[in-house]
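Summary of the model geometry
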Amino acid sequence: MRVSVLASLLLSLVAGTASAADTARSRLDAFSKGLTSVSASFEQQVSDASSGKTKTSRGTLSLKAPRQFRWDTTAPYKQLIVADGEKVWIYDPDLEQVTVRAQGTEEAHSPLTVLTDLSQLDRDFTTSEQGEHDGQVWLRLKSKDKEPQFEYADLGFDQAGLASMTFKDTFGNGTQIRFSSWQRNAKLAADQFTFTPPKGVDVVGDPTPAASAHPIKP
């Protein structure tokens, strides 16, 4: 299945308008204040450590505090990831398959709620400033988990906010994501964060109780 730990990482690392602060962490802190929702476009490049090949995909994302998100890959293939506050749904139209799992499992030791609960970021990760390069200031996150899903994740902020994110998984594969067209506190329809498996597709996992948008307080 064309999905990675990216789903549990990216869709909560969203940041936008930068403050006057000159550190990446200060910019993230400033953006998180008062955030309720955000949407953006993304371009993702995944580099395979063994083959050296790079794959590129594009799409859109939406995040609604504290635990709802939508990651919609539109090219060159289609894939939809929806977190409704209780479950995470991963739909691959080409495979005619839906995978569903408890959202708590997806969130374990991940920065999914970093925007609404920065104390969780400090509790589950160590952070370090990586200075400025490529026109951005960078913040590195490393999981405190004994068996982390990724080696590190770097957030890059330009003057407009979060411009990119790079991370390296435990197999040495690298991912780079570039963000654009941020809409802070966007009015997002509730049905963006619900999912019902289409008729005729295979469902892997337990789809009950029925998914609905019920935000869970941190």
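Notes on the structure in this doc start here. None of the values given here were measured: they were computed from a predicted structure.

1. With respect to the overall build of the protein chain
Within the protein chain, the regular secondary structure consists of four helices and twelve strands. Classification of the 218 residues of the protein chain by burial places 46% in the buried group. Sequence-distant contacts in the protein chain: of pairs separated by 6 or more residues, those separated by 24 or more amount to 53%. A total of about 10600 Å² of accessible surface is found on the protein chain, and carbon and sulfur atoms cover 49% of it.

2. What about the sheet that holds strand 1 (residues 37-47)?
Strand order in the open sheet formed by twelve strands is 7-8-9-10-11-1-2-3-4-5-6-12, and the pairing between neighbours is mixed. Both outer strands of the open sheet, strand 7 (125-133) and strand 12 (202-204), are each paired with one neighbouring strand and no more. The sheet shows a mean angle of 20° between the axes of neighbouring strands, taken without regard to direction. Where strand 8 (residues 136-143) and strand 9 (residues 150-158) come together, five bridges link them in antiparallel fashion. Within strand 9, the position partnered with tryptophan 138 by the bridge is glycine 156. Together, strand 1, strand 7, strand 8, strand 9 and strand 11 (174-184) form the strand contacts of helix 2 (residues 24-32), whose direction differs from that of strand 8 by roughly 85°.

3. As for helix 2
Given 3.6 residues per helical turn, the α-helix brings residues three or four places apart onto the same face. Ala24, Arg25, Arg27, Leu28, Phe31 and Ser32 are the residues of helix 2 that are buried. Looking straight down helix 2, one finds its buried side chains confined to an arc of 160°; they lie on one side. With its phi angle positive at about 80°, glycine 34 sits one or two positions after the end of helix 2.

4. Observations concerning the nonpolar core
Counting 29 residues, the largest nonpolar core has Leu155, Phe157 and Phe179 as the members making the most contacts within it. Counting residues per element, this core draws most heavily on strand 9, which supplies four residues. Listed in part, the eight residues of the second largest apolar core include Leu80, Tyr91, Val98 and Val201.

5. A few points about the packing of aromatic side chains
Where two aromatic rings form a pair, the distance of their centres and the angle of their planes describe that pair. Tallied over the full model, the rule gives six aromatic pairs. Arranged with centres 5.7 Å apart and planes meeting at 45°, the rings of tyrosine 91 and phenylalanine 195 form a pair that is tilted. With tyrosine 91 in strand 5 (residues 87-92) and phenylalanine 195 in the loop between strand 11 and strand 12, this residue pair connects regions lying 104 residues apart in the sequence. In this pair, the class of tyrosine 91 matches that of phenylalanine 195, namely buried.

6. Remarks on the pairing of strand 5
When you tally the buried positions in strand 5, you get six out of six residues, the bulk of the element. Side chains of strand 5 alternate between two faces, with Lys87, Trp89 and Tyr91 and Val88, Ile90 and Asp92 buried alike. In the sheet, strand 4 (residues 79-84) pairs with strand 5 via four bridges, with the strands oriented antiparallel. Among the inter-strand pairings, alanine 83 is bridged to a residue of strand 5, identified as valine 88. Where strand 4 folds back onto strand 5 in an antiparallel hairpin, the turn is made up of two residues, including glycine 85, whose phi is positive at roughly 105°. Sheet topology places strand 5 next to strand 6 (residues 97-102); six bridges connect them, and they run antiparallel. Residue pairing across strands places valine 88 opposite arginine 101, the latter belonging to strand 6. Between strand 5 and the antiparallel strand that follows it, strand 6, lie four residues; glutamate 96 among them carries a positive phi value of about 55°.

7. What to know about the pattern of salt bridges
Two side chains with opposite charge may pair up if their charged atoms get near one another. Applying the stated criterion across every chain, the model contains six salt bridges. Between lysine 168 and glutamate 151 there is a salt bridge, with the nearest N and O atoms lying 4.0 Å from each other. A residue pair is termed long-range when its members are at least 10 positions apart, and lysine 168 in strand 10 (residues 161-169) and glutamate 151 in strand 9 qualify at 17 residues. Owing to a relative accessible area of 30%, lysine 168 belongs among the partly exposed residues under this scheme.

8. Some details on the pairing of strand 3 (residues 68-75)
Strand direction decides the pairing type here: strand 2 (residues 54-64) and strand 3, joined by seven bridges, are antiparallel. Its bridge partner being in strand 3, leucine 63 is matched across the sheet by phenylalanine 69. If you look at the hairpin formed by strand 2 and strand 3, you'll find three residues sitting between the two strands. As defined by bridge partners, strand 3 adjoins strand 4 across six bridges and the pair is classed as antiparallel. Opposite tryptophan 71, over in strand 4, you have isoleucine 81 as the bridge partner. Linkage of strand 3 to strand 4, two consecutive antiparallel strands, is achieved through a turn of three residues.

Each value, and the rule that gives it
- Residues numbered from 1 in each chain as written.
- Predicted model: local features only at pLDDT ≥ 70, side-chain atom pairs only at ≥ 80, totals over all residues.
- Heavy atoms only, no water.
- Helix = DSSP H or I, 4+ residues; strand = E, 2+ residues; numbered from the N terminus.
- Buried < 20%, exposed > 50% of the residue type's maximum accessible area, 1.4 Å probe, protein only.
- Contact = heavy atoms within 4.5 Å.
- Areas by Shrake-Rupley, 256 points an atom, 1.4 Å probe, with all protein chains shown as cover.
- Pairing = 2+ DSSP bridges.
- Axes fitted to C-alpha atoms, helices over the stretch in contact; angles between N-to-C directions.
- Arc of directions from axis to C-beta.
- Core = buried A, V, L, I, M, F, W, Y, C linked by side-chain atoms within 4.5 Å.
- Phe/Tyr/Trp six-rings, centres within 6.5 Å; stacked < 30°, edge-to-face > 60°.
- Salt bridge = Lys/Arg side-chain N within 4 Å of Asp/Glu carboxyl O.

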